[in-house]
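Spelled out from the first residue to the last, the chains are:
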Amino acid sequence: MSTKSAVITLSLAATAAALTGCSVLDGDKIDYKSASRGTSLEVPPDLTQLSGSTRYNVPGGAVTANALLATQIRQGDSKNVANDQVADVQIHREGNVRWLSVPREPDVLWEPVRQFWMDNGFVLTMDQASIGIMETDWAENRAKLPQDFIRNTLGRVLDSLYSTGERDKFRTRLERRSDGGTDIYVTHRGMVEEYSNTAKDSTIWVPRAADPELETEFLRRLMVQLGLTEEQSRAVVQAEQASGVSGASRASTFGGAAIVNVSGAPSLELQDDFDRAWRRVGTALDRTGFTVEDRDRSQGLYFVRYIAPNAEREKPGFFGRIFGQGTSAPPPVRYRLQVQSQGAVSHVQVQNEAGQLVPANEADGIIKLLYEDMR
């Protein structure tokens, strides 16, 4: 067996073994190693966007650390809970969107949040405080590798030959609220390595669906970075999850989504007021891999870069890229996504850089992509 085939076999075998084990979050099994920290393991940017369903639990409102602490103290369970002044973080949920609210300004939070990702083994490829967005490099969760006899014996020597066959990246968005506080969103994108032919002698990277458990876990860990204890953060998340309602109640707790025609162009219609629509669109853009260059909430505008799926060429395998077999992707196109609301109904349309509606066939793919994340 050639060295390349052996590497591929190890990679996919490790993935299979990992998938047969426990959930990634059982026992805090998260140990990321960013590609940029070691061998240059490149996954190309702006890959084909995800279109998988993200139908998660529906909202149960906000859970605050202070309220939870007060309840625990009243119940006499205060031995592991410190009622201090750092418990100022709220976790919210609306449909498939979770976020933290902190009564501190974005400028104060930026550096602690930035340090958080570095401490968790990531390298930031986007770090723009001016627009409140940071994004990690593609990274591998090494905790998902099987701990067998061979790896325990030779792993330190041949660790680079082991791969989970998965890569993750995370985007963090900080938005200033009207009261001076900050909302913090964490969204996940994932890739998985698959054989590209029946001979199984090469692989390609393809998108996999966003993982809401990973998003929630990193929000919880971020609470600790912002001042809560481990016990407090776990209790807050558990209380938020317990407050959720069943999926059957989704329509009454979170607005629906539909694709309609407005002014001769496809439009995404949301049964939400502006605040909710703005939040849903921002999270959908983060999860589906758009590059957000700027945003103007007062005008309801997101300025993004996007590469259409049909513009992507087939990419060689992950290890093929290490040996210089990569291909260049076409340049991205810049768009403006405008969110306009009238009462409890909002519409999202796609514009070019000049603020004009793009042709229907051009806007259709983007609108459908956002719709898939929201329906």
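Please read all numbers here as calculations on a predicted model, not as lab measurements. (Residues numbered from 1 in each chain as written. Predicted model: local features only at pLDDT ≥ 70, side-chain atom pairs only at ≥ 80, totals over all residues. Heavy atoms only, no water.)

(A) Examining the packing of aromatic side chains more closely. Tallied over the entire structure, the rule returns 16 aromatic pairs. Geometrically, the ring pair formed by Trp99 and Tyr185 is stacked, given 5.8 Å between the ring centres and 25 degrees between the ring planes. Within this pair, whereas Trp99 is found in strand β4 (residues 97-102), its partner Tyr185 is found in strand β9 (residues 182-195), the two being separated by 86 residues in sequence. On the basis of an interplanar angle of 15 degrees and a centroid distance of 4.8 Å, the ring pair of Phe290 and Tyr306 is categorised as stacked. Of this pair, Phe290 sits in the loop between α8 (274-287) and β13 (291-296) while Tyr306 is found in strand β14 (residues 301-306), placing the two residues 16 residues apart along the sequence. A residue is classified by how much of its surface remains accessible, and Tyr306, at 7% relative accessible area, is buried. Here the basic side chain of Arg173 rests over the ring of Tyr185, its NZ or CZ set 4.3 Å away from the ring centre. (Phe/Tyr/Trp six-rings, centres within 6.5 Å; stacked < 30°, edge-to-face > 60°. Helix = DSSP H or I, 4+ residues; strand = E, 2+ residues; numbered from the N terminus. Buried < 20%, exposed > 50% of the residue type's maximum accessible area, 1.4 Å probe, protein only. Lys NZ or Arg CZ within 6 Å of the ring centre and 35° of its normal.)

(B) Structural detail: the confidence of the model for the protein. Predicted confidence across the protein gives a mean pLDDT of 74, with 64% of residues reaching 70 or more. Across the protein, the secondary-structure element scoring lowest on mean pLDDT is helix α7 (residues 250-253), at 39, and the one scoring highest is strand β16 (residues 345-351), at 97. Across residues 1-24, confidence stays below pLDDT 50; counting only partners more than four residues off in sequence or on other chains, it has 39 contacts. In this model residues 38-61 is a low-confidence stretch, pLDDT under 50, and it forms 79 contacts with partners more than four residues away in sequence or in other chains. (pLDDT = per-residue confidence, 0-100. Contact = heavy atoms within 4.5 Å.)

(C) Representation of the environment of Thr203. Structurally, the position occupied by Thr203 is in strand β10 (residues 203-208). Assessed through its relative accessible area of 3%, Thr203 is described here as buried. Distance in space between the C-alpha atoms of Thr203 and Gly165 is 9.9 Å, their sequence separation being 38 residues. Separated by 2.7 Å, the side chains of Thr203 and Glu193 make a polar contact. (Polar contact = N/O pair within 3.5 Å; in protein donor to acceptor, adjacent residues only side chain to side chain.)

(D) Here's a closer look at the pairing of β9. Among the 14 residues in β9, 12 count as buried, and that is most of the element. Looking at chain direction, β4 and β9 are connected through three bridges and run antiparallel. The residue of β9 that forms the bridge with Ser101 is Asp183. Of the pairings in the sheet, the one linking strand β8 (residues 166-176) to β9 comprises 11 bridges and is antiparallel in character. Note on β9: the bridge partner recorded for Asp168 is Gly190. Joining the antiparallel neighbours β8 and β9 is a turn of five residues, in which Gly180 adopts a positive phi near 95 degrees. Here β9 runs beside β10; their pairing, made up of six bridges, is antiparallel. Residue pairing for β10: Val192 is matched across the bridge by Val206. (Pairing = 2+ DSSP bridges.)

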